[in-house]
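Survey of secondary and tertiary structure
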Amino acid sequence: MTFTDIKLTTPDLLSSSVKAAIHWYRFGLTPIPTLPGKKQAAVTWNAWSDNLDEAKILEHYAAHPSHEVACLTNDDLIVFDADSEASLQALESIEQKHGLRPGLVVKTTRGKHHYFRRAG
């Protein structure tokens, strides 16, 4: 399954952050709310991750609609961050050379993140 295979069935009135958090959760990742404009978690990691489900995500963003979203990584996830055109071209060249295709690509304000799951 790829990120684009997941269908989001939440109302259109929800923020892009909560939609992204639910997408990432359905993809098998651990989304976490962040403070607006900062790369700082808005919640404590352990308390947030315990019993995480879609209802908890929706409840949080209903109470804090300005919060943005990040993703907690683990040993099964590898993320490559390309912040320039040169680094993005180099990353895509390496992927092509080795027949790799990221399971998820996220456009950022400065470039792109390529997500891979590590083999078991």
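Presented here is a report on the structure given in the accompanying data block.

Thresholds applied
- The residue numbering used here restarts from 1 in each chain and proceeds along that chain's sequence as written.
- With the structure being a predicted model, the display of local features is reserved for residues of pLDDT at least 70 and the display and counting of side-chain atom pairs for 80 or more, all residues being used for whole-chain, interface and lining totals.
- Side-chain descriptors were evaluated using all non-hydrogen atoms of the structure, hydrogens and water having been removed beforehand.
- Strands are runs of DSSP state E lasting at least 2 residues, helices are runs of H or I lasting at least 4, and numbering of each runs from the N terminus.
- Think of it this way: DSSP has to see at least two bridges between two strands before they count as a pair.
- Side-chain rings of Phe, Tyr and Trp (the six-membered ring for Trp) are treated as a pair once their centres are within 6.5 Å; stacked means planes under 30 degrees apart, edge-to-face means over 60, and tilted covers the remaining angles.
- Think of it in three bands: with a 1.4 Å probe and only protein chains considered, a residue is buried below 20% of the maximum accessible area for its type, exposed above 50%, and partly exposed in between.
- Only lysine NZ and arginine CZ atoms are considered, and such an atom sits over a ring when it is within 6 Å of the ring centre and within 35 degrees of the ring normal.

Before going further, it helps to spend a moment on unusual backbone geometry. Residues other than glycine seldom take positive phi values, yet N51 does so here, at roughly 55°. Among the secondary structure elements, N51 is positioned in the loop between helix 2 (45–49) and helix 3 (54–63).

The next subject is the pairing of strand 5 (residues 112–117). Looking at chain direction, strand 3 (residues 77–82) and strand 5 are connected through 6 bridges and run antiparallel. The residue bridging D81 from the neighbouring strand is H113, located in strand 5. Across 4 bridges, strand 4 (residues 104–107) lies against strand 5 in antiparallel orientation. Within strand 5, the residue paired with V106 across the bridge is H113. Counting the residues that bridge the hairpin from strand 4 to strand 5 gives 4 residues.

Okay, the packing of aromatic side chains next. All told, the structure shown has 2 aromatic pairs when counted by the stated rule. Between W24 and Y115 the ring centres are 6.2 Å apart and the planes differ by 50°, which places this aromatic pair in the tilted class. One end of the pair, W24, is in helix 1 (residues 16–27); the other, Y115, is in strand 5, and 91 residues separate them in sequence. You'll find W24 and Y115 in the same group, each marked buried. Across the ring face of F27, the terminal group of R117 is positioned such that the distance to the ring centre comes to 4.9 Å.

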